[in-house]
Amino acid sequence: MAQTLTLCDEYGIIYQAMKILPDDELKIAFLEALAELEDNECHRTRKFPKTRLHKVKGVK
């Protein structure tokens, strides 16, 4: 079951993004990406379908 968390926006990044992003579709996509990065299940399985986050290999 999904756990409800509150986001701490210490520097006002989310607030600024909501003001700057022109389209509601982009705002929703931004919030979905934040929700995915906050999801412990995604980190446990290392699968991030929305943000396509992956480990970079071969960089020193």
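Owing to the predicted nature of the structure, the values given are computational and were not obtained by experimental measurement.

Cut-offs and rules
- Residues numbered from 1 in each chain as written.
- Predicted model: local features only at pLDDT ≥ 70, side-chain atom pairs only at ≥ 80, totals over all residues.
- Heavy atoms only, no water.
- Helix = DSSP H or I, 4+ residues; strand = E, 2+ residues; numbered from the N terminus.
- Buried < 20%, exposed > 50% of the residue type's maximum accessible area, 1.4 Å probe, protein only.
- Areas by Shrake-Rupley, 256 points an atom, 1.4 Å probe, with all protein chains shown as cover.
- Lys, Arg positive; Asp, Glu negative; His and termini not counted.
- Charge placed at Lys NZ, Arg CZ, Asp CG, Glu CD.
- Salt bridge = Lys/Arg side-chain N within 4 Å of Asp/Glu carboxyl O.
- Axes fitted to C-alpha atoms, helices over the stretch in contact; angles between N-to-C directions.
- Parallel < 35°, antiparallel > 145°, perpendicular 65-115°, else oblique.
- Left-handed = near helix turned anticlockwise from the far one by under 90°.
- Contact = heavy atoms within 4.5 Å.
- Nonpolar A, V, L, I, M, F, W, Y, C, P; charged D, E, K, R; others polar.

(A) The overall build of the protein chain, seen in detail. Regarding its fold elements, the protein chain presents three helices and zero strands. Counted from the first residue to the last, the protein chain has its helices and strands arranged as α-α-α. Oriented by its inertia axes, the alpha-carbon framework of the protein chain measures out at about 35 × 35 × 25 Å. Relative to its 60 residues, the protein chain shows a buried fraction of 10%. As displayed, the protein chain offers around 5,900 Å² of accessible surface, 57% of which is attributable to carbon and sulfur atoms. Considering the protein chain, the positive charge centre built from 10 side chains and the negative charge centre built from 10 side chains are found 12 Å apart.

(B) Region of the structure containing the pattern of salt bridges. Scanning all chains against the criterion turns up two salt bridges. A salt bridge links Lys-50 to Glu-32; its shortest N-O distance comes to 3.8 Å. With a gap of 18 residues between them, Lys-50 in the segment after α3 (40–45) and Glu-32 in helix α2 (residues 24–38) connect regions that are remote in the sequence. Judged by relative accessible area, which is 51%, Lys-50 ranks as exposed. Between Arg-44 and Glu-41 there is a salt bridge; the shortest N-O distance is 2.5 Å. A residue pair is termed a helical-turn pair when its members lie 3 or 4 positions apart in one helix, as Arg-44 and Glu-41 do in helix α3 at three residues.

(C) Highlighting the packing of helix α1 (residues 13–20) against α2. Contact geometry of α1 with α2 gives a least axis separation of 9 Å together with a crossing angle of 155°. Considered as vectors, α1 and α2 are oriented roughly antiparallel to each other. Crossing of α1 over α2 shows right-handed handedness. Across the interface between the two elements, Ile-14, Ala-17 and Met-18 of α1 pack against Lys-27, Phe-30, Leu-31 and Leu-34 of α2. A class-by-class count of the residues in the contact of α1 with α2 yields six nonpolar, no polar and one charged.

(D) Spotlight on the environment of Asp-23. Note on placement: Asp-23 falls in the loop between α1 and α2. In the structure, Asp-23 is positioned 33 residues away from Val-56 in sequence and 31 Å away in space, judged by C-alpha atoms.

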